[in-house]
Amino acid sequence: MYVTQPEGFVKESNETKVYKLKKALYGLKQAPRAWYNKIDGYLQQKRYMRSENEPTLYVKKEGKNDFIIIYLYVDDIIYTSSSIFLVNEFKSQMINEFEMLDMCLLHYFLVLEVYQTEDGIFISQRKYASDLLNKFDMSNCKPVTTPMNLNEKL
């Protein structure tokens, strides 16, 4: 069997040999901690304040009214801001410092569906609930209302 080395890793006179990893580097137990320590240090260096109650939530304030909120979940980053300037600055800093992609608007996060419109940001679990009903063969069951005050502002 003929094996070729990946582009950028070609070693002259040994083109038919490749290294076999015994364990994936991405799956090491220390990898999440090392990643968190690296990005935590970077964000604090850039004057993002880490929340005392939620260590993966960061906030940076600029001027009187502008702010950006950043949330880390494993290797995903979710952010929102009152300023398009702060968003663009954050994206360009992260792309320059880390090997990252900008996936644009958020549509799904964990089991949440996110809808962004001119009127605001709306979150639901419609797909999750539908998947649960299908999983347990209850998609044709009788719906009931949830006992909750209408128009309650949470």
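The structure displayed is predicted, hence computed values, not measured ones. (Residues numbered from 1 in each chain as written. Predicted model: local features only at pLDDT ≥ 70, side-chain atom pairs only at ≥ 80, totals over all residues. Heavy atoms only, no water.)

## Overview of the overall build of the protein chain
Point 1. The number of helices and strands found in the protein chain is three helices and seven strands.
Point 2. When contacts within the protein chain are restricted to residue pairs at least 6 apart in sequence, those whose partners lie at least 24 apart make up 19%. (Helix = DSSP H or I, 4+ residues; strand = E, 2+ residues; numbered from the N terminus. Contact = heavy atoms within 4.5 Å.)

## A short note on the sheet that holds strand β2 (residues 57–62)
Point 1. The sheet built from four strands is open, its strands ordered β1-β2-β3-β4 with antiparallel pairing. Strands with a single pairing partner mark the edges of an open sheet, and in this sheet they are β1 (49–50) and β4 (76–81).
Point 2. With six bridges connecting them, strand β3 (residues 66–73) and β4 associate as antiparallel partners. Residue Tyr73 lies in a different strand from β4, and its bridge partner there is Asp76.
Point 3. Along the sheet, helix α1 (residues 31–45) contacts β1, β2, β3 and β4; its crossing angle with β2, the most-contacted strand, is approximately 15 degrees. (Pairing = 2+ DSSP bridges. Axes fitted to C-alpha atoms, helices over the stretch in contact; angles between N-to-C directions.)

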